[in-house]
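# Remarks on the overall topology
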Amino acid sequence: MGQALKKVRSGINTRLGFFILAVLLFSIKSYFAYKTKFSLGVSGGMQELLLAFNPVPFAVLLLGLALYMRGRKSYWFMLLIDTIMASWLFANILYYREFSDFITFNLIKGSSAVTNNLTQSIAGIIRPTDFLVFADVIVLIILLAFKWIKMDTKAFKLRYAALVSSLAVLLFGANLSLAETDRSGLLTRTFDNNYIVKYLGLEAYTVYDGVKTTQNNATKANADSSDLASVQKFLAKNRVTPNVEYSGVAKGKNVFIIHLESLQQFMIDYKWDGQEVMPNIDKLYHSSDTLSFDNFYNQVGQGKTADAEMMLENSLYGLPEGSAMVMDGTTNTFQAAPAILGQNGYTTAAFHGDVPSFWNRDNTYKSWGYDYFFSKSYFPNGDKASYNLGYGMKDKIFLKDSAQYIQQLPQPFYAKLITVTNHYPYVIDSQNESIKPFNTGDSTVDPYVQTARYLDQSVGELMNWLQKTGLDKNSMVVLYGDHYGISNNHKPAIAKLLGKKKVTNYDLANFQKVPFMIHMPGLKGGINHTYGGEIDVLPTLLNLLGVKNSDTIQFGSDLLATNRKQVVAFRDGDFASPTYTKYGNNYYDSTGTELKKLTTTQQKSIDDMQNYVTNTLSASDKVINGDLLRFYQPSGFQKVVKGAYNYKKSAALKELKQANKKKSTSLMAKNDGKSTMSDYETDAPELKK
Ligand code: GP9
Ligand code: MN
């Protein structure tokens, strides 16, 4: 025993030994901080393992830089690096406590007018245990100062130092590939800063953010207003006059955007287990007060939900890679639905039962002009395990809790509600099961029907409340499925669900259809067969709301317009239209027959469509990558002041209270200040006393 201890001591008294000790202490400290200071949503053995391991590669790399130095300097340099890393961790802990997100270079730069709204003084946020992140550095300094560890001043061979650096790279490579197996597309799809820290560590996140920011800024620096001119030319050529018959029919109404997670059109009117799967949504679909669309496609790329949100509220496409909300949401200039309506007298609010950092919503929504962003921490017991499934709060609980705030919003309001329960991997707890799983034998696909049913019931409960409180009479409710829930990797199962032997690429193209409905008492409804998609929503809604929309930079067109182009661009350049569809490497005619050899006329039409699709996607990408909207202002539109928004709970609640004081138009104020929550009926078992 004594012998072993002696060996360790003499080991630590070498430069390499001290370095290993520093790496070890740094890693333990980081792991402790990850576990106690952040909520990274770690689940499962692999994620736990990566969380513990991910501080190591960067500690080896950065602390290892000191090994290139000579003598005592080497020790002090190592401690200096250690202190810098500890300080960075410390700063992130404080920032996270206030904003549930990590520090980005864009925020540091501050040039983008993203003010931090630090609502409390730093002193008010700090907790004594935060200083523990310096513990390892202090221990090392004490050990050296009291000479418990002797400095080894012998020269450390450069070769060995280089070896240590290479080892760091190797370890990082291993870390990254393990992370990719657990969460593919981690760096390309860029979901959430929390994910990058969870899988790769704070240091890797910082480097990643730095690289991304630099690249991004370089593209923007190169863009100028002449780029915008070419985009405007393209748009002018393709601009469609909206349907005047519908112009302004919803003027002044509240707008609900109900985001139906992963819901596909084939589920409309679907029967299973001897039952109608979605009776509530089906009823809305067929209501004479609902404009329903049966050729409405999702057009998302890797950004999935984020792409859907970008299209819906900006009529700009998502990017070919990653999520535009993450890459450009913080800094770009936008002329989004919340800002447009906000400037037309609307109160605007987004609701989501998860952490605000996902898809960078916390920053993007400011750029889009959302007055409020109600996320998890706003909801009573939002964190309670039994209230959550997968990506956040269960829809029934989430929607009910949202109503609590909806009733306080001054009218007219624009409220977006993002559901999550019907999300891969479609987990539902048995108390919430009300239909048996599909029987395709594909375990990913089968439970989809159960979560879709749950989503339907949740929407039903919300709609009932709207009716009971009378809110429905002055509201326009827009429902849409954001993207496919069953990916093309499940062809045999898809074939079974569609009652086919085998699916073709044409079937798969059709499988990209998602529900889109606009419901409003008195609206001239019916099922509309126009070919369109998410990009077309904003122009459609603005026309219904009677808001001027003749000089905006938007890539969609009014779905009710009579002279629409009806070519739906998929993000990868494929397309669907009433005449031809291109999906994968195949072309199809309107009956779904594959066109193996194209006639000259067919070729010509298809080339025209392809040109349009390629040009519209690339023009939209130019707008986002070059931040071109900073060079343009539609007449009467005021530039969004991002710093004016604050989504900190205490601040938002104060503002809401204020808004309700002076002759408020909120539902609650009209109800003599009394809550309408007793009208909200839910059968959520979790809420039963
Ligand atoms: C997360 C939720 C899911 O907040 O919106 O996003 P998705 O995985 O569907 O893109
Ligand atoms: Mn989604």
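This text goes with the structure placed above it.
The following refers to the structure shown.

So, how was this worked out
- Residues numbered from 1 in each chain as written.
- Chains lettered and ligands numbered in written order.
- Predicted model: local features only at pLDDT ≥ 70, side-chain atom pairs only at ≥ 80, totals over all residues.
- Heavy atoms only, no water.
- Near = heavy atom within 4 Å.
- Polar contact = N/O pair within 3.5 Å; in protein donor to acceptor, adjacent residues only side chain to side chain.
- Areas by Shrake-Rupley, 256 points an atom, 1.4 Å probe, with all protein chains shown as cover.
- Helix = DSSP H or I, 4+ residues; strand = E, 2+ residues; numbered from the N terminus.
- Contact = heavy atoms within 4.5 Å.
- Axes fitted to C-alpha atoms, helices over the stretch in contact; angles between N-to-C directions.
- Parallel < 35°, antiparallel > 145°, perpendicular 65-115°, else oblique.
- Nonpolar A, V, L, I, M, F, W, Y, C, P; charged D, E, K, R; others polar.
- Donors = N, O, S within 2.8 Å, 3.2 Å for Na, K, Ca; no water.
- Tetrahedral: all angles 85-135°; square planar, octahedral: opposite > 155°, others 65-115°.
- Buried < 20%, exposed > 50% of the residue type's maximum accessible area, 1.4 Å probe, protein only.
- Phe/Tyr/Trp six-rings, centres within 6.5 Å; stacked < 30°, edge-to-face > 60°.
- Salt bridge = Lys/Arg side-chain N within 4 Å of Asp/Glu carboxyl O.

### Considering the site of ligand 1
Close to ligand 1 lie E261, K304, T305, H352, F358, W359, R361, Y391, H423 and H483. At a separation of 3.2 Å, an oxygen atom of ligand 1 approaches a polar side-chain atom of W359. Within the side chain of R361, an N or O atom sits 2.7 Å from an oxygen atom of ligand 1. For ligand 1, whose free accessible area comes to 310 Å², the fraction covered by protein is 98%.

### Quick word on the environment of D224
Among the structural elements, D224 can be located in the loop between α11 (193-222) and α12 (225-238). Taking the C-alpha atoms as reference points, D224 and L628, 404 residues apart in sequence, are found 7.3 Å from one another. Not counting chain neighbours up to four residues away, the residues in contact with D224 comprise L628 and F631. At a separation of 2.5 Å, a polar atom in the side chain of D224 contacts the side chain of S226.

### What to know about the packing of helix α2 (residues 15-37) against helix α3 (residues 45-53)
Relative to each other, α2 and α3 sit at 130 degrees, their axes nearing to 8 Å. With respect to α3, the axis of α2 lies oblique. Here Y31, Y34 and K35 of α2 come into contact with α3, specifically with E48, L51 and A52. Tallied by class, the residues present in the contact of α2 with α3 amount to 4 nonpolar, no polar and 2 charged.

### Comments concerning the coordination of the manganese ion (ligand 2)
Taken together, the protein donors to the manganese ion (ligand 2) comprise E261 (OE), E261 (OE), T305 (OG1), D482 (OD) and H483 (NE2), at separations of 2.0 to 2.5 Å. Seen from the manganese ion (ligand 2), its 6 donor atoms lie at angles of 55 to 166 degrees, and the figure they make is irregular. In terms of primary sequence, the donors binding the manganese ion (ligand 2) are separated according to E-x43-T-x176-D-H. On the criterion of sequence distance, the pair formed by T305 in helix α14 (residues 305-314) and D482 in the loop between β11 (475-481) and α20 (491-498) is long-range, its members being 177 residues apart. Among the residues examined, T305 registers a relative accessible area of 6% and is labelled buried. Judged by its relative accessible area of 0%, D482 falls in the buried class.

### Examining the packing of aromatic side chains
Across all of its chains, the model carries 42 aromatic pairs by this definition. Ring centres of Y365 and W368 lie 5.9 Å apart, and the angle between their planes is 40 degrees; on these two criteria the pair is classed as tilted. Of this pair, Y365 and W368 both sit in helix α17 (residues 361-368), 3 residues apart, roughly one helical turn. What makes Y365 buried here is its relative accessible area of 0%. With a relative accessible area of 0%, W368 lands in the buried category. On the numbers, 4.8 Å between centres and 55 degrees between planes, the contact of Y365 with Y370 is tilted.

### Re the pattern of salt bridges
For the coordinates displayed, the defined rule picks out 22 salt bridges. One salt bridge in this structure joins D130 and K37, with 2.8 Å as the shortest N-O distance. A residue pair is termed long-range when its members are at least 10 positions apart, and D130 in the loop between α7 (122-125) and α8 (135-145) and K37 in helix α2 qualify at 93 residues. For the residue pair D130 and K37, the accessibility class agrees, reading buried in each case. K604 is the salt-bridge partner of D608, the closest N and O atoms lying 2.9 Å from each other. Taken together, the positions of D608 and K604, both in helix α23 (residues 600-625) and 4 residues apart, correspond to about one turn of that helix. Where salt bridges share partners, they join E309, E313, R361 and K416 into one cluster.

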